[in-house]
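Structural overview for review
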Amino acid sequence: MSLRVEVPAPESSRIRRFGRTQRWVHRTTAALMGVCVVTAACLYIPQFAELVGRRELVVRVHEWTGLALPVPVLAGLVSRAFRSDLRVLNRFGPHDRRWLRAALRRDKRPSARPAGKFNAGQKVYAAWIAGATLVMLGTGLLMWFTHLAPLMWRTSATFVHDWLALTIGIVLAGHIGMALADPEARRGLRTGSVSREWADREHPLWRP
């Protein structure tokens, strides 16, 4: 994986991509997810568990952080701009199917991957991680409050929770890797603006 280094464009040639609410939701959710992943690793990997110790505290931090995961998104719904972005993420068009076909063929030409404000890969990731978070929340509650369901359900919930956690870790690693390879996208989430040249190249159908 190569990391692209780009010289930031002058402010006069930059366009607005994200507002304060979108950036706050992303940062807060990322922080909560990071704590969940780290604490899960400390609970399931013996070497990490030995380094950290205090298993009961790690369990409590993991549980309460997991419960808090949906809160940033729910709080962000008060923002009209955030709700607008969610509607865009939830809609697939012909250009998204074309983008996915190009991705499967490993065709990296910009002309082969038309995208609006969000490309098809970002839409698929957003839908998957949202669904995975809800499943993890539900199975985690069954594991936490043992009186809520019979033993069979709790055993199944533990199995799903553990294996889905591993899958989430792998997907998040890929997400972070792609972000590291695109400094302008990271700058957009950090400052809220991106260069017009980047937007025209990566998201040609987006009309800010």
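One structure accompanies this document, and this report is about it. All of these numbers come straight from a predicted model, not from anything done at the bench.

Rules of the game
Residues numbered from 1 in each chain as written. Predicted model: local features only at pLDDT ≥ 70, side-chain atom pairs only at ≥ 80, totals over all residues. Heavy atoms only, no water. Helix = DSSP H or I, 4+ residues; strand = E, 2+ residues; numbered from the N terminus. Buried < 20%, exposed > 50% of the residue type's maximum accessible area, 1.4 Å probe, protein only. Contact = heavy atoms within 4.5 Å. Areas by Shrake-Rupley, 256 points an atom, 1.4 Å probe, with all protein chains shown as cover. Lys, Arg positive; Asp, Glu negative; His and termini not counted. Charge placed at Lys NZ, Arg CZ, Asp CG, Glu CD. Phe/Tyr/Trp six-rings, centres within 6.5 Å; stacked < 30°, edge-to-face > 60°. Lys NZ or Arg CZ within 6 Å of the ring centre and 35° of its normal. Polar contact = N/O pair within 3.5 Å; in protein donor to acceptor, adjacent residues only side chain to side chain. Patch = residues over 30% accessible without salt bridge, like charges linked within 9 Å, V, L, I, M, F, W, Y side chains within 5 Å. Salt bridge = Lys/Arg side-chain N within 4 Å of Asp/Glu carboxyl O.

To continue, consider the overall build of the protein chain. Per the secondary structure count, the protein chain includes 10 helices and 2 strands. In terms of principal-axis extent, the alpha carbons of the protein chain reach across some 55 × 35 × 35 Å. Looking at the protein chain as a whole, 34% of its 208 residues qualify as buried. Sequence-distant contacts in the protein chain: of pairs separated by 6 or more residues, those separated by 24 or more amount to 70%. Carbon and sulfur atoms form 66% of the exposed surface of the protein chain, whose accessible area is close to 13,200 Å². Taking the average location of the 31 positive side-chain charges in the protein chain and that of its 14 negative ones, the two points are 6 Å from each other.

Let us now look at the packing of aromatic side chains. Under the counting rule described, the total for this entry stands at 4 aromatic pairs. With a centroid separation of 4.9 Å and an interplanar angle of 25°, the aromatic rings of Trp144 and Phe145 are classed as stacked. Under the relative-accessibility criterion, Phe145 is labelled partly exposed at 32%. A network of ring pairs unites the aromatic residues Trp64, Trp144 and Phe145 as a single cluster. Sitting over the ring of Trp206, Arg17 keeps its end group 5.1 Å from the ring centre. Directly above the aromatic system of Phe92 lies the positively charged group of Lys123, at a separation of 5.6 Å from the ring centroid.

Mapping Asp85 onto the fold places it in helix H5 (residues 80-89). Classification of Asp85 as buried rests on a relative accessible area of 7%. There is a polar contact of 3.2 Å between the side chain of Asp85 and the side chain of Gln22.

With that settled, consider a nonpolar patch on the surface. Taken together, the side chains of Val135, Phe159, Val160, Trp163, Leu166 and Ile170 present a nonpolar region at the surface, about 610 Å² in accessible area. Counting residues per element, the nonpolar patch draws most heavily on helix H8 (residues 151-180), which supplies 5 residues. Here Val160 is to be found in helix H8.

The subject of this paragraph is the environment of Pro72. Residue placement: Pro72 occurs in helix H4 (residues 71-76). Judged by its relative accessible area of 2%, Pro72 falls in the buried class. For the pair Pro72 and Thr28, spaced 44 residues apart in the sequence, the C-alpha separation amounts to 6.5 Å.

None of this, on its own, says anything about what the molecule does.
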